[in-house]
Amino acid sequence: MRNRAPSLEALRLRRLMAGIAVLAVIFGLRLVQFQIIQAPQINAESLARRSITTTVPAMRGDIVDANGKILATTVMSYDINVDPTMVKPFNAKVNGVDTTISVDQAANELAAILGMDPVEVMKKLQGTSHYSQVAKQVDGSTYVKVKNLDIPWVFPQQVPKRIYPNGALAGNLLGFVGTEGQPLEGLEVSENKCLAGVDGSETYQRGVDGIKIPGSADVKVAPKNGGTLKLTIDSDLQYYAQQVMAKYVRNERADWGSAIVVEAKTGKILAAAEAPSVDPNNYSAVDAGNRSSRIFRVTFEPGSTVKMVTAATAIDQGVATPLTHVLAPQTSYVANNFRISDSHMHGLEKLTLQGILIESSNTGIIQIGIKSPYATRVKYWKNFGLGSRTAVNFPGEASGIIHETAPDGASVYTSMFGQAMTITPMQSAFVYQTFANLGVRLSPKLLDTCTAADGTVTQVQKAQTATRVLKTSTARQIISMLEGDVAQKGGVGSTAAIPGYRIGGKSGTAQIANDNGVGYGLLHAISFIGMAPAEDPQYVLAVTIYKPRTVSNSMGATPPFKAILEQVLRTYRVPPSTTKSPIIPATW
Amino acid sequence: MSAVFNLKPTSARPALSLVQGLRAVTDRQANPRLAFAGLLTAGLLAIAVLNLLLNLATSSGVYELAGLKAQKARLELSSQIVKQQVDSLSSNQNLASAAQAMGMIANANPVFLDVTNKKVYGEPAAATLGADSRVSGNLIANAQWTTKSHADQIRAALSAEQAKATENVATSVATDSTATASSTKPASVTGSWTNAAQGYVGGAKSSTSQVGLAGGGIPAAPTH
């Protein structure tokens, strides 16, 4: 049977079978190639054609004041983009009737909504590119109006936008971000770690109609929104202080002014007002010099407000009391005939230390200051926080300059009344916080907490430090003398008095060194720093006005000091004092 | 394939013989096969129809989802627009300007009442428009202050409310001397609120102003 030749029929059948088998093998191999060898590549190519990945932008976190009022937030805004190659007349329903809208008409309507010149809009509609931006970051209501025009070649795109609902309120502290959302200035820069979010993405497969293909995989990477930064600032008080400073800087035609309100017993900064201030919504509207915080960045020779430091050092060292007697002449000569004079003309005066401070006598204070060695005074300056940056670590913060050893014989003396050293407005406020807190200097606190998107709360600043600078008894004597400065007639301080309250404070009228470093100019930096209520100081206020042109002494600083301090007392419901300020004799 | 394999042994068989009862066997098996094929076809058809229905349901669900997402986006947008208006109205610039336009000034002589000790701290004095105590109009720039309270509208609403309240009191006194204060008050309060709201809408030009004024303009309404 096996030897028999196969029949013709069987032979054909076998050939057919062989053919089919070969084809099957070929198909099989091809299948293996597609399904196994090239599969990942083909899948990827196919997915790429169907799938679309969109960025889900993370929202930058809010900045809020001590009461949770929003100072900076992020909203969705819309870029109005056009594909110029598609620009042509189109049909739209106007009052239910199909109407052809010409390009000119559409451009005019767009221009009216966007507040632009129709010619400018028209220009942006022309060209061969597929992309032209007509307007950037318009708000939601404008977007709705644009969308209602139903122009088929307008493609609005969602972009997050940083807004500051209270404008220039605390603008110098907050800083601002650029148009792409990048932090450029202030706390927006230094606290970016808390505020910045991480963008997410969404990938899905869509059909020709742009709708997701049913059942197709949808890969989402959730965006991580930024955290909420809480400041210690009270925005109402901040607004009031800024208003007052803006008014006085304008009236006195000064370069700038600042007012800092500190809670004496906690070191919290309740207001840090500056004029001119920057509206972070529109930061390019002001000069570059006005966009940052001078309170932390500018240093100047403080002048007479430092006399309290000299007095405190002497009292703390036990070499003077508020009643120490001196004979203060109009002019003294020190260290190789360097002339030191008082600002007002007077004969030889019999002053106590209290009297020296009320009169703000330079010739008087040097007789008290010289009782402490220079090195001891340097030690006190450092303890008062002079010469080093504060714990706020504000971007670009200055440290100020104090000299470890006196640069020349005269500066040993001039530093007793605030020359030959530079400090920032913030440092000056915390010198007086030290007095108000009975000798203990607290590190300034401006940044409270950062609440992450998941609710985790972290303290932004490092743990607060408390430095014992003066004995409690010394601080009490200093406060009494500050009260005397305001309560007793004769000095500038008396113009800062608020009826019903015990106020303590000290004026400063500092000369400003010329830019070339030689000598002093005609304009001054005037200041008044004080506290209330003096019987148990709760609030410290430091007002500085730089280069006023209509007043030349610190009389220009007491009206804003008084106005802001009154508001502080109202805001925090401080009842009027029930006792009177002690009277320490000013003369003998 | 089974046909091909069956051919081989058939051709190798030495002789052919009649198989009895073959027809009967074929008859017996033919009917169940037909039934099975029918069942199979019906099953496949049912699956296909079910699949089609499921597909339809899924795709319409997807379109519904897309629609709902679009609606969500629209609602989020309008909520954002309203929120920005509220932010603008509650900005310090707006509140201070509205207060000033209505003639409010801060009193530099606060007086405190200590209820527990029955004491008065401070000496009461009327607030005065002193040059030093008064801060002029808003000096703090705000580019986001886009929705503003209109002082004249607030004043109009307040005076309308006051007039209504006076009228209500007068009416109740005249017509019903036995009416208690409690029965009068709610009526006047309701009236004044409505009045205030109407006053704003009437004077407002755009929908944005209406939203703002309803929130910003009625702080003093419930008390007279």
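For the structure, check the block above.
From a predicted model like this one, the values you see are computed outputs, not experimental measurements.

Student: Got a minute to help me understand the overall build of chain A in this structure?
Tutor: Helix and strand content of chain A: 18 helices and 25 strands. The C-alpha radius of gyration of chain A comes to 37 Å, more than 25% above the 25 Å expected for a compact globule of 588 residues. In terms of overall dimensions, chain A has C-alpha extents of about 145 × 70 × 50 Å along its principal axes. In chain A, the share of contacts with a sequence separation of at least 24, taken over all contacts with a separation of at least 6, comes to 71%. Working note: accessible area of chain A is about 26,300 Å², and carbon and sulfur atoms make up 54% of it.

Student: Any chance you could explain the packing of helix H3 (residues 103-114) of chain A against helix H5 (residues 140-148) of chain A here in plain terms?
Tutor: For any two helices packed against each other, the geometry is given by the interaxial angle and the distance between the axes. Residues and elements named next belong to chain A. At their nearest, the axes of H3 and H5 sit 10 Å apart, and the two run at 170 degrees to each other. Relative to H5, the element H3 lies roughly antiparallel. Crossing geometry of H3 relative to H5 is assigned as right-handed. Residue-level contacts link Leu110, Ile113 and Leu114 of H3 to Thr142, Lys145 and Val146 of H5. Classifying every residue of the contact of H3 with H5 gives four nonpolar, one polar and one charged.

Student: Quick question: what am I supposed to make of the sheet that holds strand E13 (residues 256-263) of chain A here?
Tutor: Adjacent strands of a sheet form backbone hydrogen bonds with each other and so pair up, either parallel or antiparallel. Residues and elements named next belong to chain A. As summarised here, the arrangement of the five strands in space is E14-E13-E25-E24-E23, forming an open sheet in which the pairing is antiparallel. Taken across any chain shown, the strands that pair with only one partner, and hence form the sheet edges, are strand E14 (268-275) and strand E23 (504-513). The average angle at which neighbouring strand axes cross in this sheet is 10 degrees, direction not considered.

Student: What's the story with the pairing of strand E10 (residues 200-205) of chain A in this structure? I'm lost.
Tutor: Regular strands have side chains that alternate between both faces of the sheet. Residue and element names in this part refer to chain A. With six bridges joining them, strand E1 (residues 51-56) and E10 adopt antiparallel strand pairing. By the bridge assignment, Thr53 is partnered in E10 with Thr203. Relative to strand E11 (residues 219-221), E10 is paired through three bridges, and the arrangement is antiparallel. From the neighbouring strand, Thr203 faces E11, where its bridge partner is Val219.

Student: Explain a nonpolar patch on the surface here, please?
Tutor: Judged by side-chain polarity, Val49, Leu50, Leu52, Leu53, Leu54 and Leu56 of chain B come together as a nonpolar surface patch covering roughly 610 Å² of accessible area. Looking at the secondary structure, you find Leu54 of chain B in helix H2 (residues 22-89).

Student: What is the right way to look at the state of the cysteines in this model?
Tutor: Linking two cysteines covalently through their sulfur atoms gives a disulfide. Residues and elements named next belong to chain A. Per the stated rule, a full pass over the model turns up one disulfide over all chains. One disulfide in the model links Cys194 with Cys450; its S-S distance is 2.1 Å. Classification of the bridge connecting Cys194 and Cys450 rests on its S-S torsion, roughly 95 degrees, and on that basis the disulfide is right-handed. In this pair, Cys194 is assigned in helix H8 (residues 192-195) and Cys450 in strand E20 (residues 447-451), connecting sequence segments 256 residues apart. We classify Cys450 as buried; its relative accessible area is 9%.

Student: I keep staring at the sheet that holds E1 of chain A and nothing clicks. Help me out?
Tutor: Residues and elements named next belong to chain A. In space, the three strands of this open sheet follow the order E1-E10-E11, with antiparallel pairing throughout. Edge positions in the sheet fall to E1 and E11, since each of these pairs with one other strand and no more. Neighbour to neighbour, the strand axes of the sheet diverge by 15 degrees on average, direction disregarded. Seen against the sheet, helix H2 (residues 39-50) touches E1 and E10 and runs at an angle of roughly 60 degrees to E1.

Student: What am I meant to see in the interface of chain A and chain B here?
Tutor: In many analyses, interface size is given as the accessible surface area lost on bringing the parts together. Each side of the interface is counted separately: chain A has 47 residues, and chain B has 39 residues. When chain A packs against chain B, close to 3,600 Å² is buried across both sides, 62% of that on carbon and sulfur atoms. In this structure, the connection of chain A to chain B is made through zero salt bridges. Remark: the boundary between chain A and chain B carries twelve residue pairs in polar contact (both at pLDDT 80 or more). Elements represented by at least two residues in the side of chain A that touches chain B include exactly strand E3 (70-82), H5, strand E7 (154-163), helix H9 (235-251) and helix H18 (558-571) of chain A. In terms of residue count, H9 of chain A provides more of the side of chain A that touches chain B than any other element does, eleven residues in total.

Student: Help me out: how do you make sense of the environment of Leu169 of chain A in this one?
Tutor: For Leu169 of chain A, the location among the structural elements is in the loop between E7 and helix H6 (171-174). Using a relative accessible area of 1% as the deciding quantity, one classes Leu169 of chain A as buried. The contact partners of Leu169 of chain A, leaving out residues within four places of it in the chain, are Leu71, Leu174, Ser235, Gln238, Tyr239 and Gln242 of chain A together with Asn92, Gln93 and Ile140 of chain B.

Student: Explanation requested: unusual backbone geometry in the structure shown.
Tutor: A negative phi holds for most residues other than glycine; trans holds for most peptide bonds. All names here are of chain A. With an omega dihedral of 0 degrees, the bond running from Ala275 to Pro276 counts as a cis peptide bond. Along the chain, Ala532 connects to Pro533 via a cis peptide bond; the corresponding omega equals -20 degrees. You can see Pro533 is positioned in the loop between strand E24 (520-532) and strand E25 (539-546). Although it is not a glycine, Asn95 adopts a positive phi angle of roughly 50 degrees. With respect to the helices and strands, the residue Asn95 is situated in the loop between strand E4 (90-94) and strand E5 (97-101).

Student: Would you mind showing me how to read the pattern of salt bridges here?
Tutor: Any two side chains of opposite charge can pair if their charged atoms end up close together. Residues and elements named next belong to chain A. Following the criterion strictly, the structure yields 13 salt bridges over all chains and no others. For Arg502, the salt bridge identified is with Glu535, shortest N-O distance 4.0 Å. With Arg502 in the loop between helix H17 (472-487) and E23 and Glu535 in the loop between E24 and E25, this pair connects stretches of sequence that are 33 residues apart. Glu535 gets classed as partly exposed once you look at its relative accessible area, which sits at 33%. The structure contains a network of salt bridges with shared partners spanning Arg60, Arg162 and Glu188.

Student: How do you make sense of the packing of aromatic side chains when you look at a structure like this?
Tutor: All names here are of chain A. Summed over all chains, the structure comprises twelve aromatic pairs over all chains. Plain terms: the ring middles of Phe296 and Phe394 are 4.7 Å apart, the flat faces sit at 5 degrees to each other, and that makes the pair stacked. One end of the pair, Phe296, is in helix H10 (residues 294-297); the other, Phe394, is in the loop between helix H14 (374-383) and helix H15 (409-414), and 98 residues separate them in sequence. Considered together, Phe296 and Phe394 belong to a single accessibility category, that of buried residues.

Calculation criteria
- Residues numbered from 1 in each chain as written.
- Chains lettered and ligands numbered in written order.
- Predicted model: local features only at pLDDT ≥ 70, side-chain atom pairs only at ≥ 80, totals over all residues.
- Heavy atoms only, no water.
- Helix = DSSP H or I, 4+ residues; strand = E, 2+ residues; numbered from the N terminus.
- Rg over C-alpha atoms; globule rule 2.2 N^0.38 Å.
- Contact = heavy atoms within 4.5 Å.
- Areas by Shrake-Rupley, 256 points an atom, 1.4 Å probe, with all protein chains shown as cover.
- Axes fitted to C-alpha atoms, helices over the stretch in contact; angles between N-to-C directions.
- Parallel < 35°, antiparallel > 145°, perpendicular 65-115°, else oblique.
- Left-handed = near helix turned anticlockwise from the far one by under 90°.
- Nonpolar A, V, L, I, M, F, W, Y, C, P; charged D, E, K, R; others polar.
- Pairing = 2+ DSSP bridges.
- Patch = residues over 30% accessible without salt bridge, like charges linked within 9 Å, V, L, I, M, F, W, Y side chains within 5 Å.
- Salt bridge = Lys/Arg side-chain N within 4 Å of Asp/Glu carboxyl O.
- Disulfide = S-S within 2.5 Å.
- Buried < 20%, exposed > 50% of the residue type's maximum accessible area, 1.4 Å probe, protein only.
- Buried area = accessible area lost by both parts, 1.4 Å probe.
- Polar contact = N/O pair within 3.5 Å; in protein donor to acceptor, adjacent residues only side chain to side chain.
- Phe/Tyr/Trp six-rings, centres within 6.5 Å; stacked < 30°, edge-to-face > 60°.

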